Amino acid sequence: WGPDNHIWATERIGRVQRIEPITGNQTIILDIQTNVASGGEPGMLGMVLHPDFETTPLVYIAYNFASGFNIRERLSSFEWNGEILENEVVLIDDIPGGNIHDGSRLLITPDYKILMTMGDRGQQGLAQTINNFNGKILRINLDGSVPDDNPFDGEYTYTYGHRNPQGLTYGPNGILYSTEHGAENSDELNLIEEGRNYGWPNVEGACNTGAEINFCNNNDVREPLAEWSPCPAVNDIIYYNHPAIPAFQHSLLMAVLGGLGGGFERISQLQLNEDGTE
C-alpha cells in the first residue's frame, strides 16, 4: 500500500502494477520480463517502497534472472518518476538462486536498513553456513553495502537456519515476524531476533525430538511461535490494528496458499497476546 493511496504489486513474470483501489484500474509501471527468469517458483518477488517516498521516490525489488543455465537473484532500486519506474541500480547482484526456495520478501527497518528473506534454494546445508546468502534473513544498507553493526562481521546475515521464509512484517513494540515454508510438515511463524539460528535443516518446527533438542541447546535455536502440519503453505503476513474491523485488531493476517494441508487458499487471522510474543 503506497503513500499515494495506490496498491503496488509485483507480478512473478516480471512486471509491477499500480492499482487504484476504488476503481480497480491497473497500470503497468515496470515491465522487465525479458530480464526476469520466471516459471515455477522463480520470478519477480519482493518489493518495498522507500520510507520517505515523497522526497526519495525509490522502490526496491528482488527478482530472479538467468545466467547461462543457472538461476540467480538480484536486489535493485528503481526511481519513480510519477508515471513509471526507471533507472535501475543493482544493489546486490549474482545471488545464487534456484528453481525452488528463492524467498523473497523485503522490508525496511526503522533505522533504514533493508531486510530480505532468502530461501535455501533447495541446498539444505547452506542454511547453517553464515557466510552465504541462502537460508537467511539478510540485513542490507540502502546502497547495498553490509551494515557495520550486523551480528556477523562483514556478512549480510541477520538470522539463519531458514528453509524458505516468504512473509515478513513488524508487529507491536517493534517485534519482527516471519512465516516460513516447511518440508511437508512444520510450516512456521517465527519471531525474528538478531543473530539467532532458526534450526533448518536440523530442526523442523519445535525442538521436540532427541536430536533436535540436542541441536537446539548447542546452537541457540529460536523455536517458532506456531507451526502447522501438514504444510498449508504459509505466505505473506501483515500486522493489523485498525478500527475498521474490530475483530481483527492486534492480529497477524496471513496469506495461506492451500498446500499439503488441504483446503483452500485463504487469509488466516492469528490473534496475538497483549505484548505480541505468543
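For the structure itself, consult the block above.
As a convention, each chain's residues are numbered from 1 in the sequence order in which they are written. Local features are withheld for residues below a pLDDT of 70 in this predicted model, meaning they are given only at 70 or higher, and side-chain atom pairs are given and counted only at 80 or more; totals for whole chains, interfaces and linings count all residues. Hydrogens and water are ignored here; the side-chain numbers use all heavy atoms of the structure.

It is worth spelling out the sheet that holds strand β7 (residues 85-96) at this point. The strands making up a sheet are joined through hydrogen bonds of the backbone, oriented either antiparallel or parallel. DSSP-based pairing: two strands are paired if at least 2 bridges between them are found. The secondary structure listing takes helices from DSSP runs of H or I that are at least 4 residues long and strands from runs of E that are at least 2 residues long, numbered from the N terminus. Read from one edge of the open sheet, 4 strands run β4-β5-β6-β7, paired in antiparallel fashion. Edge positions in the open sheet fall to β4 (44-49) and β7, since each of these has one partner strand only. Across the sheet, the axes of successive neighbouring strands diverge by a mean angle of 25 degrees, strand direction being ignored. Axes here mean lines fitted to C-alpha atoms, for a helix over just the part in contact, with angles spanning 0 to 180 degrees between N-to-C directions.

What follows deals with the state of the cysteines. Cysteine sulfur atoms are paired as a disulfide whenever they fall within 2.5 Å. One pass over the structure, following the stated rule, counts 1 disulfide. Between the sulfur of C207 and that of C216 lies a disulfide, 1.9 Å long from S to S. Given an S-S torsion of about -85 degrees, the disulfide between C207 and C216 has left-handed geometry. For every residue, the accessible area (1.4 Å probe, protein chains only) is compared with the maximum for its type, and the residue is labelled buried under 20%, exposed over 50%, or partly exposed between those bounds. Residue class for C207 comes out buried when judged on its relative accessible area of 16%. Residue C216 is classed as buried on the basis of its relative accessible area, which comes to 8%. The closest cysteine sulfur to the non-disulfide-bonded C231 is located on C207, 17 Å from its own sulfur.

Relative to the helices and strands, D187 is located in strand β14 (residues 187-192). Of the side chains with opposite charge, R163 comes closest to the buried, unpaired D187, at an N-O distance of 6.1 Å. Pairs of N or O atoms are called polar contacts if they sit within 3.5 Å, as long as, within protein, a hydrogen donor faces a hydrogen acceptor (for residues adjacent in sequence, only side-chain-to-side-chain pairs). At a separation of 2.7 Å, a polar atom in the side chain of D187 contacts the main-chain amide nitrogen of G182. Engagement of the side chain of D187 in a polar contact is seen with the backbone nitrogen of A233, the distance being 2.7 Å. Beyond its immediate stretch of four places on either side in the chain, D187 contacts E180, H181, G182, A226, E227, W228, C231, P232, A233 and V234. Neither His nor the chain termini are counted; the positive set is Lys and Arg, and the negative set is Asp and Glu. Whenever a carboxyl oxygen of Asp or Glu lies within 4 Å of a side-chain nitrogen of Lys or Arg, that contact is scored as a salt bridge. In what follows, residue pairs with any heavy atoms lying within 4.5 Å of each other are defined as contacts.

Stacked, tilted and edge-to-face pairs are distinguished by plane angle, under 30 degrees for stacked and over 60 for edge-to-face with tilted covering the rest, among Phe, Tyr and Trp rings (Trp via its six-membered ring) whose centres lie within 6.5 Å. Tallied over the full model, the rule gives 5 aromatic pairs. Relative to F248, the ring of Y240 lies with its centre 6.2 Å away and its plane at 90 degrees, an arrangement referred to as edge-to-face. In this structure Y240 comes out as buried when scored by relative accessible area, which is 14%. The structure contains a cluster of three or more aromatic residues connected by ring pairs, namely W8, F53 and W80. A positively charged side chain is recorded as over a ring if its NZ (Lys) or CZ (Arg) lies within 6 Å of the ring centre. The angle to the ring normal must also be within 35 degrees. The ring centre of F65 lies 3.8 Å from the NZ or CZ of R74, which sits over that ring. In this structure, R163 is placed above the aromatic ring of W200, and the distance from its NZ or CZ to the ring centre is 5.5 Å.

Further remarks concern the pattern of salt bridges. Inspection of every chain in the model, using the stated rule, returns 10 salt bridges. We note a salt bridge from R105 to D236, for which the minimum N-O separation is 3.3 Å. Taken together, the residues span a long stretch of sequence, with R105 in the loop between β7 and β8 (106-108) and D236 in strand β16 (residues 234-240) at a distance of 131 residues. We note a salt bridge from R196 to E193, for which the minimum N-O separation is 2.6 Å. Looking at E193, the relative accessible area reads 28%, which means it is partly exposed.

This next bit is on the sheet that holds strand β17 (residues 251-256). Across the sheet, which stays open at both edges, the 3 strands sit in the order β16-β17-β18 with antiparallel pairing between neighbours. Looking at strand neighbours, the two that pair on one side only are β16 and β18 (266-271), the edges of this open sheet. When strand polarity is set aside, the average angle formed by the axes of neighbouring strands in this sheet is 25 degrees. Alignment of β16 against β17, held across 5 bridges, turns out to be antiparallel. Bridge assignment links I237 to a residue of β17, and that residue is M254.

Core analysis: the biggest nonpolar cluster contains 17 residues, and W8, V16, L30, M44, V59, I61 and L85 have the highest contact counts within it. Residue assignment for this core shows that the elements contributing at least two residues are β3 (26-31), β4, β5 (58-67) and β6 (70-80). Of all the elements, β5 adds the most residues to this core, at 4 residues. Here V16 is in contact with A9, T10, T27, I28, I29, L30, M44, M47, I61 and L85, once residues within four sequence places are set aside. Remark: nonpolar core denotes a set of buried residues (Ala, Val, Leu, Ile, Met, Phe, Trp, Tyr, Cys) joined through side-chain atoms within 4.5 Å.

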